[in-house]
Structure formats: C-alpha cells, structure tokens
Amino acid sequence: MFRKIGIEALKQVTKKYARKQNRWVKNRFLSRPGPSAPPVYGLEVSDVSKWEESVLEPALEIVQSFIQGRKPTATPIKMPYNEAENKRSYHMCNICDRIIIGDREWAAHIKSKSHLNQLKKRRRLDSDAVNTMESQSISLDHDKEPKEKGSPGQNDQKLKCCI
C-alpha cells in the first residue's frame, strides 16, 4: 500500500519537474534566443512503448551529428516570430531603473521575477507612505479641534453665571 502511494507521489513530482524543465528551456532558449543559444530539438515522448525509435535514436543521431561537425537531419524548434516587432526600441523601466532595448525583451522584463519583486516592493512602500500620511493628517485634525476644559455641564453653568 505505501509502495503504491510512494510510486504515485514520485510520478507526480517527476511530471512537475519535467514541466518546469520544459518551461525553463522555452524561456531561456526559445522565447529570447541570444547569439550563444544552442538549437533546441523536440522529440516525441508521449508513447513510452516507442521510446527507442522516437526518443533514443533521434537524440543519438543529433548528438553524433554535432560531434562529427555536420548538421543534424532533424530541424530545431523555432518559436513564432512577429516581423512587426521592433528589435531596437528603447524602453526605460523606472521601477527597476534599467534601460531595455527591444519589444520582446521589454515584454520579458515586465513579466520577470526581478521586475515583479521591485513592483511589489514599490507598492508596499507607497502604501506605507499613504498610511503614514493618513495617520499624520488624522492626528493633525485632532490637534486642531478646540479643547474645552471641564465637562459640558460645567461650561453651561459658567455661561449661566455670566448672564
């Protein structure tokens, strides 16, 4: 019983890890490939019974072709590319105090963990400043109210005496 539970848990974390790796490869090498990014090849891995013919053999052929200095028969994966995208556009991120060149890089920066953390930090500081200003204005309002000595009944008696 515990063995089956352990196997199922291992399968779950393995799938999660594989998805995380695929997302990393996509973001690192496919979404914004730089000049040093290697080509990425996709292999069909959904059918485990055909592992050798659909994964192992094509992978070995790709590696052998690189070792021998020739081009592999398989074609690398290419991400869809927008021709209207401006590669030389200039963007200034006031939150991170950085200059970003290119529309794709700008879009990636806006979604990046560092930018989102800076944005969160800025919002927290702004809300703290607003709360501080509000508390100061409330305390100033209380200071402006006329302070009367004694209870209201005592003030009425003083007025009656003077009349």
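Residues numbered from 1 in each chain as written. Predicted model: local features only at pLDDT ≥ 70, side-chain atom pairs only at ≥ 80, totals over all residues. Heavy atoms only, no water.

## Brief notes about the UniProt feature "domain: Zinc finger double-stranded RNA binding" (unreviewed entry) in the chain
And then number 1: Within this numbering scheme, the UniProt entry marks residues 91-115 as carrying the feature "domain: Zinc finger double-stranded RNA binding" (unreviewed entry).
And then number 2: Secondary structure within residues 91-115 divides into 48% helix and 28% strand; the distance between the first and last C-alpha atoms comes to 14 Å. (UniProt positions renumbered as here; feature names shortened; annotations may be inferred. Helix = DSSP H or I, 4+ residues; strand = E, 2+ residues; numbered from the N terminus.)

## Considerations on a nonpolar patch on the surface
And then number 1: Where nonpolar side chains cluster on the molecular surface, the patch consists of Leu 43, Val 45, Trp 51, Leu 56 and Leu 60 and spans about 440 Å² of accessible area.
And then number 2: Here Leu 56 is to be found in helix 2 (residues 51-68).
And then number 3: Leu 56 sits in the partly exposed class, given a relative accessible area of 35%. (Patch = residues over 30% accessible without salt bridge, like charges linked within 9 Å, V, L, I, M, F, W, Y side chains within 5 Å. Areas by Shrake-Rupley, 256 points an atom, 1.4 Å probe, with all protein chains shown as cover. Salt bridge = Lys/Arg side-chain N within 4 Å of Asp/Glu carboxyl O. Buried < 20%, exposed > 50% of the residue type's maximum accessible area, 1.4 Å probe, protein only.)

## Description of the pairing of strand 2 (residues 98-101)
And then number 1: Direction of pairing for strand 1 (residues 90-93) relative to strand 2: antiparallel, over a ladder of four bridges. Across the sheet, Cys 93 pairs through a bridge with Arg 98, a residue of strand 2.
And then number 2: Linking strand 1 back to strand 2 in an antiparallel pair, the connection comprises four residues, with Asp 97 at a positive phi of about 55°. (Pairing = 2+ DSSP bridges.)

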